[in-house]
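Examining the three-dimensional arrangement
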Amino acid sequence: MTQIDLVIPVYNEENDMERNVRKLYYWLKQNFEHKYIIVIANNASTDNTLNIAKKLEAELPNKIRVIDIPQKGRGVAIRTGWENSNAEICAYMDADLSADLKHITEIIDPIIKNEVQICCGSRKMQDSSVKTTLMRGILSWLYNLILRTTLGLKIADSQCGFKSIRTDVAKKIIPLVENNGWFFDSELLVIAQKNSFKIKAVPIKWIDDVQTTVIVPKIVTEFLTGIKRMRKNGIPEIPD
């Protein structure tokens with residue numbers, strides 16, 4: 001069986017994290033045929049998130065691992081989880097479980113079968129099912145359009161919080177990724193495509209978390225700054 005590390009970045013998730021992590025654990029236990037570890041990556045939470053995570057780790061030490069990161073940022077959580085993994089495949093998903101769990105197998109199997117090195121959930125494909133606000137939908141469409149026209153990324157939904165990657169490939173790409181926040185995903189995919197790694201997108205069922213604390217204008221600014229930087233400096237290539 002293949003070993004999978006599934007990273008969940010968390011920041012101030014004390015209200016929902018335990019319920020969601022248990023839901024994920026029971027789904028994996030009943031439906032997943034591979035070895036796995038749920039890696040809870042705590043991003044400088046100021047509430048009781050870390051204590052709850054440690055309680056879950058103590059209860060299920062062979063299935064849950066906690067890493068405590070003093071720096072905020074989804075990118076730094078994914079980076080830390082993936083770079084320190086000994087698993088064959090790494091994945092990550094958002095703590096709110098917006099993506100239907102049935103898709104976990106769908107983003108893992110193409111890598112196990114050596115079809116691709118990276119597999120992404122996509123909310124932009126014909127068979128995808130998405131519940132979101134009109135504003136978020138428009139912003140997402142515009143962002144991916146800009147990414148496609150400026151940096152040539154062929155994946156239509158770079159920011160979907162549901163991805164998997166072969167771990168050895170992740171460790172080659174991540175040192176070249178400068179962003180530690182929300183642009184991390186896009187930058188990683190752009191570099192992967194530039195370096196001829198195979199990427200696959202799969203349609204998913206997605207329901208946005210209406211309680212999210214994400215500050216959209218701040219994220220949009222970060223995205224545009226990241227695109228401008230990569231346009232100016234060029235897309236890095238992995239050294240031989």
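The preceding data block contains the structure.
Now for a look at the structure at hand. (Residues numbered from 1 in each chain as written. Predicted model: local features only at pLDDT ≥ 70, side-chain atom pairs only at ≥ 80, totals over all residues. Heavy atoms only, no water.)

Before going further, it helps to examine the environment of Thr105. On the secondary structure map, Thr105 appears in helix H4 (residues 104-112). Expressed as a C-alpha distance, the spacing of Thr105 and Asn31, which sit 74 residues apart in the sequence, is 8.9 Å. Once residues within four sequence positions are removed from consideration, Thr105 is found in contact with Trp27, Phe32 and Pro110. (Helix = DSSP H or I, 4+ residues; strand = E, 2+ residues; numbered from the N terminus. Contact = heavy atoms within 4.5 Å.)

Let us look at the side chain of Thr167. Its location among the elements puts Thr167 in helix H6 (residues 167-173). Beyond its immediate stretch of four places on either side in the chain, Thr167 contacts Trp82, Ser85, Ala87, Glu88, Ile89 and Cys90.

Across the sheet, seven strands lie side by side as E3-E2-E1-E4-E7-E5-E8; this open sheet has mixed pairing. Looking along the sheet, the strands with just one partner apiece sit at the ends: strand E3 (64-69) and strand E8 (199-203). Strand-to-strand twist of the sheet, defined as the mean angle between neighbouring strand axes without regard to direction, takes the value 20°. Strands in contact with helix H2 (residues 49-59) are strand E1 (3-10), strand E2 (35-43) and E3; relative to E3, the strand with the most contacts, it is inclined by about 155°. Helix-sheet contacts for helix H7 (residues 184-194) involve strand E4 (89-93), strand E5 (118-122), strand E7 (162-166) and E8, and the interaxial angle to E5 is about 135°. (Pairing = 2+ DSSP bridges. Axes fitted to C-alpha atoms, helices over the stretch in contact; angles between N-to-C directions.)

Turning our attention to the packing of helix H3 (residues 74-83) against H7. It is at 8 Å that the axes of H3 and H7 come closest, and there the two elements cross at 55°. By the angle between their axes, H3 is oblique relative to H7. Contacts between H3 and H7 involve Arg74, Gly75, Ile78, Arg79 and Trp82 from the first element and Phe184, Asp185 and Leu188 from the second. Its residues assigned to classes, the contact of H3 with H7 shows four nonpolar, one polar and three charged. (Parallel < 35°, antiparallel > 145°, perpendicular 65-115°, else oblique. Nonpolar A, V, L, I, M, F, W, Y, C, P; charged D, E, K, R; others polar.)

Take the environment of Val66 next. Looking at the element boundaries, Val66 is found in strand E3. Considering only alpha carbons, one finds Val66 and Ile38, 28 residues apart in sequence, at a separation of 8.4 Å.

For the rest of this paragraph, the subject is the pattern of salt bridges. Within the structure shown, the criterion is met by 15 salt bridges. Across the pair Arg74 and Asp94 runs a salt bridge whose closest N-O atoms are separated by 3.5 Å. Of this pair, Arg74 sits in helix H3 while Asp94 sits in the loop between E4 and H4; the two residues are 20 residues apart in sequence, bridging distant segments of the chain. Each of the two residues, Arg74 as well as Asp94, counts as buried. Here Lys194 and Glu237 are joined by a salt bridge, their closest N and O atoms 4.0 Å apart. Placement of Lys194 in helix H7 and of Glu237 in the segment after helix H8 (216-233) is noted, with a sequence separation of 43 residues between them. Lys194 gets classed as partly exposed once you look at its relative accessible area, which sits at 42%. It is possible to trace a salt-bridge network through shared partners that takes in Glu18, Arg22, Lys55 and Glu59. (Salt bridge = Lys/Arg side-chain N within 4 Å of Asp/Glu carboxyl O. Buried < 20%, exposed > 50% of the residue type's maximum accessible area, 1.4 Å probe, protein only.)

Of all the five residues making up E5, five are buried; the element is thus mostly covered by neighbouring parts of the structure. Where burial is concerned, the two faces of E5 agree: the one with Ile118, Cys120 and Ser122 and the one with Cys119 and Gly121 are both buried.

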